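# Structural overview
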Amino acid sequence: MSTIKFLNEFCDIIDTYGGRDKVMKALCYGTKLIGGYYADRKPELAKRYAIASSRISGARATLRLIDDIPMIQYALEYGWGQNESDRVMALLGVTANLVDLLYYPVEKICWLAEHRIVDVHNYDYWDKVNTMFWVLSVYLNLMRTLRNFGLNQKKLNKLNEMQKPSIDDAVVRKHRLEICSLVRLSLDFVHAVSYLPKGYLWGGKLSTLQVGAVGTLSSFLYLYQIFTKRKLNK
């Protein structure tokens, strides 16, 4: 891909809210990764990167304040999952939507409390609930992707057994992209759980360097998927 073509592709991506958010996420965890790496080597430099990471994270959280409206629209369009391939996918989809519909208002409460716009008693409780919704949302999306991957793999296996002369390359490539989704969501799950209080799985056990590495890798996998899907859709 030429430099100009790549630049045009990149600009098209950051012109969308989702694409810009993922680029910001990569910057957020990239700076956290660098900060974690220099934590013991150059504490002052590490502190600067930590501040930058925190500022970017705060900007992303602020932009999420209006995510409720598109989430409600998506949930209404999704309905009871009548267009899903089976009942398990529909159940996972509806449950994930319900969790997300609860997650965004709770995150708003935490944001308002953090910026002292409203007084919230027991902020730590709300923060814990917010993290649990985040973990549950990522887990459900991971299960949906895993289920979808399994169903698609069965279809491809049947086609291979029937010795179909040609299986659409685009279908195969999209199926392979599901592997990226599985890896990315697994990383997101590891990342989300690490923010749970100590005593819950591996909550609080990952270092800043490890959190930065997991978040950065997940972000770049997502960006890779965006670029690849754009190519497939052309």
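So, how was this worked out
Residues numbered from 1 in each chain as written. Predicted model: local features only at pLDDT ≥ 70, side-chain atom pairs only at ≥ 80, totals over all residues. Heavy atoms only, no water. Phe/Tyr/Trp six-rings, centres within 6.5 Å; stacked < 30°, edge-to-face > 60°. Lys NZ or Arg CZ within 6 Å of the ring centre and 35° of its normal. Salt bridge = Lys/Arg side-chain N within 4 Å of Asp/Glu carboxyl O. Helix = DSSP H or I, 4+ residues; strand = E, 2+ residues; numbered from the N terminus. Buried < 20%, exposed > 50% of the residue type's maximum accessible area, 1.4 Å probe, protein only. UniProt positions renumbered as here; feature names shortened; annotations may be inferred. Core = buried A, V, L, I, M, F, W, Y, C linked by side-chain atoms within 4.5 Å. Contact = heavy atoms within 4.5 Å. Axes fitted to C-alpha atoms, helices over the stretch in contact; angles between N-to-C directions. Parallel < 35°, antiparallel > 145°, perpendicular 65-115°, else oblique. Left-handed = near helix turned anticlockwise from the far one by under 90°. Domains from an automatic or database assignment. Buried area = accessible area lost by both parts, 1.4 Å probe.

### So, the packing of aromatic side chains
By the definition in use, this model includes nine aromatic pairs. Grouping aromatic residues by their ring pairs yields a cluster made of Phe6, Phe10 and Phe227. A cation over an aromatic ring shows up here: Lys22 above the ring of Tyr222, its NZ or CZ 4.7 Å from the ring centre. Over the ring of Tyr37 we find Arg41, and its NZ or CZ is 4.0 Å from the ring centre.

### Digging into the pattern of salt bridges
Counted under the stated rule, the structure contains eight salt bridges. A salt bridge links Arg64 to Glu107, with the shortest nitrogen-to-oxygen separation between them at 2.7 Å. Here Arg64, found in the loop between helix H3 (43–63) and helix H4 (68–78), pairs with Glu107, found in helix H5 (residues 87–114); they are 43 residues apart in sequence, far enough to count as distant. Of the two residues, Arg64 and Glu107, neither departs from the other in class, the shared state being buried. Taken together, the shared-partner salt bridges connect Asp21, Lys22 and Arg60 into one network.

### Brief notes about the UniProt feature "transmembrane region" (unreviewed entry) in the protein chain
Within this numbering scheme, the UniProt entry marks residues 200–224 as carrying the feature "transmembrane region" (unreviewed entry). Within residues 200–224, the helical portion is 68% and the strand portion 0%, while the C-alpha atoms at the span's ends are 32 Å from each other.

### Describing the nonpolar core
With 11 residues, the main nonpolar core is built from Met71, Ala75, Leu92, Ala96, Val99, Tyr103, Tyr104, Val106, Val129, Phe133 and Leu140. Per-element accounting of this core gives the leading share, six residues, to H5. Apart from the residues within four sequence positions on either side, Leu92 is in contact with Leu140, Met143, Arg144 and Arg147.

### Let's talk about the packing of H5 against helix H6 (residues 123–161)
Following both chains from N to C, one finds H5 and H6 inclined at 155°, their axes separated by 8 Å at the closest point. For the element pair H5 / H6, the angle class is roughly antiparallel. Taken as a pair, H5 and H6 cross one another with a handedness that is left-handed.

### Things to note about the domain arrangement of the protein chain
Assigned domains within the protein chain: domain 1 (1–64 + 170–233) and domain 2 (65–165). For domain 1 and domain 2, the distance between their C-alpha centroids amounts to 18 Å. The partner domain 2 presents 25 residues to the 22 residues of domain 1 that form the contact. Between domain 1 and domain 2 the total buried area reaches about 2,000 Å² when both faces are included, carbon and sulfur atoms providing 73% of it. Considering only the surface of domain 1 that becomes buried against domain 2, Arg64, His175 and Leu182 emerge as the three largest contributors, covering 32% of it. At the junction of domain 1 and domain 2, the tally comes to one salt bridge.

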